[in-house]
Amino acid sequence: MQLNIATMIISIILFFVLFFGIGFILNMLLRQTWIMAAIYPLIALYYIADFSVTIYFTNPDKALSDLTAIKVADMVILTAGFLGAICAGVVMRWLRGRGYRMF
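None of these values were measured; they are calculated from a predicted model.

Draft legend 1. Looking closely at the side chain of Asn 27. The topology assignment puts Asn 27 in helix H1 (residues 5-30). The exposure class of Asn 27 is buried, given its relative accessible area of 1%. At a separation of 3.2 Å, a polar atom in the side chain of Asn 27 contacts the main-chain carbonyl oxygen of Thr 33. What Asn 27 contacts, discounting residues up to four positions off in sequence, is Gln 32, Thr 33, Trp 34, Ile 35, Ala 88, Gly 89, Met 92 and Arg 96.

What follows is the structure in C-alpha cells.
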C-alpha cells in the first residue's frame with residue numbers, strides 16, 4: 001500500500017505530537033528527562049516487526065533482514081516520533097532550568 005502525501009504529513013505530525021505528549025507525561029511522573037527517548041527504539045522495533053522483540057537477541061539475522069525491508073515513508077514517520085520524544089526531554093530540561101519545580 002502506498003501513502004499519499006496528505007496521509008504522510010498527517011502521520012508525521014501525529015507521531016511527533018503523540019510521542020512528545022507521552023514523553024512529557026512520563027517525564028513529569030517519573031522525573032527522568034530522557035526516559036521516552038530511551039524507550040522509543042523498543043517501541044519502534046515492536047512497530048516494525050511482525051514478531052517478538054526478543055528475536056533481535058535470539059536470531060539477529062532474521063530481525064535485521066526485516067529492518068532492511070522497511071520503507072522510506074515508515075522510516076520518516078518513525079523518525080518524527082523519535083524527534084518528538086527528544087523534544088519532550090529538551091522542553092523538560094528547559095522548564096526545569098526556568099525554575100518550574102513540578103517538572
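Once you've had a look at it, read on.
Draft legend 2. Highlighting the packing of H1 against helix H5 (residues 72-97). In contact at an axis separation of 7 Å, H1 and H5 are set at 35° when each is read in the N-to-C sense. The crossing of H1 and H5 is right-handed. Considered class by class, the residues forming the contact of H1 with H5 number 20 nonpolar, six polar and one charged.

Draft legend 3. Summary view of unusual backbone geometry. The backbone of Arg 31 sits at a positive phi, close to 55°, despite the residue not being glycine. Along the chain, Arg 31 falls in the loop between H1 and helix H2 (35-48).

Draft legend 4. Spotlight on the packing of aromatic side chains. Under the defined criterion, the tally for this structure stands at five aromatic pairs. Residues Phe 15 and Phe 19 carry aromatic rings whose centres are separated by 5.8 Å and whose planes lie at 50° to one another, so their mutual orientation is tilted. Of this pair, Phe 15 and Phe 19 both sit in helix H1, separated by four residues, roughly a single helical turn. Of the residues examined, Phe 15 reaches a relative accessible area of 17% and is grouped as buried.

Draft legend 5. Layout of the nonpolar core. In terms of nonpolar packing, the biggest core is built from 11 residues, these being Met 8, Phe 15, Phe 19, Met 36, Tyr 40, Ala 44, Ile 48, Ile 70, Ile 77, Leu 78 and Ala 85. The element contributing the most residues to this core is H2, with four residues. Those residues in contact with Met 8, other than ones at most four positions away along the chain, are Leu 3, Ala 73, Val 76 and Ile 77. By size, the runner-up hydrophobic cluster in this structure holds six residues, among which are Leu 45, Ile 55, Tyr 56 and Ala 63.

Rules and cut-offs
Residues numbered from 1 in each chain as written. Predicted model: local features only at pLDDT ≥ 70, side-chain atom pairs only at ≥ 80, totals over all residues. Heavy atoms only, no water. Helix = DSSP H or I, 4+ residues; strand = E, 2+ residues; numbered from the N terminus. Buried < 20%, exposed > 50% of the residue type's maximum accessible area, 1.4 Å probe, protein only. Polar contact = N/O pair within 3.5 Å; in protein donor to acceptor, adjacent residues only side chain to side chain. Contact = heavy atoms within 4.5 Å. Axes fitted to C-alpha atoms, helices over the stretch in contact; angles between N-to-C directions. Left-handed = near helix turned anticlockwise from the far one by under 90°. Nonpolar A, V, L, I, M, F, W, Y, C, P; charged D, E, K, R; others polar. Phe/Tyr/Trp six-rings, centres within 6.5 Å; stacked < 30°, edge-to-face > 60°. Core = buried A, V, L, I, M, F, W, Y, C linked by side-chain atoms within 4.5 Å.

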